[in-house]
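# A structural walkthrough
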Amino acid sequence: MPDSGVDASSSLGGAAAGRVGNLHFAAAIAALVVLYLGCAELSLLLAIAPGFSTPVWPPSGIALAALLLYGVRLWPGIWLAAFLANAGDGAPWLAVMAMATGNTLEALCACWLV
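Everything quoted here is computed from the prediction, not taken from an experiment.

Here is what the cut-offs are and how they apply
- Residues numbered from 1 in each chain as written.
- Predicted model: local features only at pLDDT ≥ 70, side-chain atom pairs only at ≥ 80, totals over all residues.
- Heavy atoms only, no water.
- Helix = DSSP H or I, 4+ residues; strand = E, 2+ residues; numbered from the N terminus.
- Contact = heavy atoms within 4.5 Å.
- Patch = residues over 30% accessible without salt bridge, like charges linked within 9 Å, V, L, I, M, F, W, Y side chains within 5 Å.
- Areas by Shrake-Rupley, 256 points an atom, 1.4 Å probe, with all protein chains shown as cover.
- Salt bridge = Lys/Arg side-chain N within 4 Å of Asp/Glu carboxyl O.
- Buried < 20%, exposed > 50% of the residue type's maximum accessible area, 1.4 Å probe, protein only.
- Phe/Tyr/Trp six-rings, centres within 6.5 Å; stacked < 30°, edge-to-face > 60°.
- Disulfide = S-S within 2.5 Å.

Before going further, it helps to spend a moment on the side chain of S43. Structurally, S43 can be placed in helix α1 (residues 8–44). Not counting residues up to four positions away in its chain, the partners in contact with S43 are T54, V56, W57, P58 and P59.

And the structure:
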């Protein structure tokens, strides 16, 4: 039988590697969300009016560090974490989505500038 040029073992290995890569990506997103949310909750304790505005926002630094260290493909984790951090304040959903988008874009722009 002629060789078709397809190596079954390499295609299976590629699929397994893809699954492992996806698991690493999901774990990185989950770790970023947990770290960002934890830091956001601690930062909100510094708020002048509780839960409203803070003089410093360390989660921005965490987001930038994550993008610089692991790549810009982690941006959905930043958006999700920022969305969840702002969703508990009772703000309208559109405003929460706008804040999450702004937090994500600030990290992406800073990553691009660096």
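Read on, since the account is not over.
A word on a nonpolar patch on the surface. Taken together, the side chains of W93, L94 and M97 make up a nonpolar region of the molecular surface, amounting to roughly 370 Å² of accessible area. Counting through the fold element by element, L94 comes out in helix α4 (residues 93–113). A relative accessible area of 66% means that L94 is categorised as exposed.

Right, let's get into the packing of aromatic side chains. The full count for this structure, using the stated rule, is two aromatic pairs. Between W79 and F83 the ring centres are 5.2 Å apart and the planes differ by 10°, which places this aromatic pair in the stacked class. Pair noted here: W79 and F83 are both in helix α3 (residues 75–87), with a separation of four residues, about one helical turn. With a relative accessible area of 15%, F83 lands in the buried category. With centroids separated by 5.5 Å and ring planes inclined at 20°, the aromatic side chains of F83 and W93 adopt a geometry described as stacked. Within this pair, whereas F83 is found in helix α3, its partner W93 is found in helix α4, the two being separated by 10 residues in sequence. Residue W93 is classed as exposed on the basis of its relative accessible area, which comes to 55%.

With that out of the way, let us pick up the state of the cysteines. Within this structure, the stated rule accounts for zero disulfides. Counting only cysteine sulfurs, C111 is the nearest neighbor of C109, a cysteine outside any disulfide, at a range of 9.9 Å. The class of C111 is buried, set by a relative accessible area of 14%.

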